[in-house]
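Structural features, examined
Residue strings, one per chain:
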Amino acid sequence: MKIINVLHLIQGLEFGGLEKVTLSLIDGLDKNRYSSSICCFDSLGNLVKRVNGNTKVHFLGRKQGIDYLYPFKLARLLKEHKIQVLHLHNSTAFFYGVIAGKIARVPVIVYTEHARDVFPNLKVRIADKLLSFFTNKIVVVAEYLKNNLIKYEKFKEKKITVIHNGIDADLYNVKTDCKEIRTKLGIDETANVVGIVARLDPIKNHECLIKAMKQVVSELPKTVLLIIGDGPIRSELEMLVSDLMLGKNVKFLGMRADIPELMAAMDVFVLCSRSEGLSITLLEAMAAGKPVVATKVGGNLELIEHGVNGLLVQPDDQDGLSKAIIACLNDKSKAEAMGLAAQKKVSERFAVDNMIKKYEEIYGDCLRCAE
């Protein structure tokens, strides 16, 4: 059987859901059928260390703003490596990748939209519409994204397929000594532990969570918030914690490789973003059997059924967020039941093997049509 060369065009391999999904897809593709590579156009990122040895990673930097020569540079790379499937991840890759793919005469171009915070202006929408004509398949990770692309960008419905993100749930259903983990973190074994795993970026709205923690701590003083991740607003968030005198109740852990173990030590997981695609960290927390509190945005609504496998609150609702966290901490039996329901949903509907199989079907269908 002839090996198909697939290249993934991505901004960079920083720690994030999009990047983790891409690496999971590459790792899971049939190696007897597909040979994968990655091209980063802004930075390599720390996740490059996790790329398997059979996957080549290219860094082909672009100029800031619109780099009109970039599609030609990328096309040379595509021709050199005889790429047959070009897989584009998010809007910038979509713009440069479709043009480069057509220049290089790549047989199949697949575009995955992982999330959109704001839908673009008229000129960009017109450009995206034109680019969609030269794309074999458009994949979205949540139903709301499909609806928005049809409504705002006028993409053809028949060209769009929903493939939910998937994870290896077994990695997060770990048996571990939570007491030992808490001791290493300097947390009393009788304390309540709330956690969030997300890059420190305004879109994730850590500010709202920290302010909500002030209310949580006033009712439940022995509560600790673990903030896992890093990003450009860390110093601002640390200052906010200091101003609210929450230094003993909030711990910034930075980037960590032991997420499953840290999740196991949590009593409640929170994701309070202003916008989300289909959050990988939310899926991971659900797989860990944790009660989750999430905002009513994007794909969160496709993962969480309020009161059944988690609690949903409005974005930027500090009071609602604090009450939901307190409710989970005060009613342990209800929280445990929601965690178990969340775990069941992930194992049944969001397995990484299902995601990989669906992408392989798309690659195969598009290649047959291109012959």
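Residues numbered from 1 in each chain as written. Predicted model: local features only at pLDDT ≥ 70, side-chain atom pairs only at ≥ 80, totals over all residues. Heavy atoms only, no water.

1. Section: the packing of helix α3 (residues 91-103) against helix α4 (residues 122-133)
The geometry of α3 relative to α4 is characterised by a closest axis approach of 10 Å and an angle of 40° between their N-to-C directions. Taken together, α3 and α4 sit at an angle that is classed as oblique. Two packed elements cross with a definite hand, and for α3 against α4 that hand is left-handed. Between α3, through F94, F95, V98 and I99, and α4, the contact on the second element is made entirely by D128, L131 and S132. Here the residues of the contact of α3 with α4 sort into five nonpolar, one polar and one charged. (Axes fitted to C-alpha atoms, helices over the stretch in contact; angles between N-to-C directions. Helix = DSSP H or I, 4+ residues; strand = E, 2+ residues; numbered from the N terminus. Parallel < 35°, antiparallel > 145°, perpendicular 65-115°, else oblique. Left-handed = near helix turned anticlockwise from the far one by under 90°. Contact = heavy atoms within 4.5 Å. Nonpolar A, V, L, I, M, F, W, Y, C, P; charged D, E, K, R; others polar.)

2. Here we look at the nonpolar core
In this structure, L9, L74, L78, L88, M263, F269 and L282 are the most contacted members of the largest nonpolar core, which totals 88 residues. Ranked by residue count, the leading element in this core is helix α14 (residues 352-370), at eight residues. Excluding its chain neighbours within four sequence positions, the residues that come into contact with L9 are C39, F41, Y70, L74, H87, L88, H89, A93 and G97. Grouped together as the second largest cluster of nonpolar side chains are 35 residues, I196, L225, L321 and A324 included. (Core = buried A, V, L, I, M, F, W, Y, C linked by side-chain atoms within 4.5 Å. Buried < 20%, exposed > 50% of the residue type's maximum accessible area, 1.4 Å probe, protein only.)

3. Focus on the sheet that holds strand β9 (residues 223-228)
Strand order in the open sheet formed by six strands is β10-β9-β8-β11-β12-β13, and the pairing between neighbours is parallel. In this open sheet, the two edge strands, each paired with only one partner strand, are β10 (250-254) and β13 (311-313). This sheet shows a mean twist of 20° between the axes of neighbouring strands, independent of strand direction. Alignment of β9 against β10, held across four bridges, turns out to be parallel. By the bridge assignment for β10, I227 is matched with F252. Contacts from helix α10 (residues 280-287) reach β8 (192-197), β11 (268-271) and β12 (292-295) within the one sheet, and its direction differs from that of β11 by about 165°. (Pairing = 2+ DSSP bridges.)

4. So, α14
Note: α-helices contain 3.6 residues per turn, so residues at a spacing of three or four share the same orientation. Under the 1.5 Å per step criterion, the end-to-end length of α14 is 27 Å for 19 residues, consistent within 8% with the ideal 27 Å. Every buried residue of α14 is accounted for by V352, M355, I356, Y359, I362, Y363, G364, C366 and L367. (Expected span 1.5 Å × (residues − 1).)

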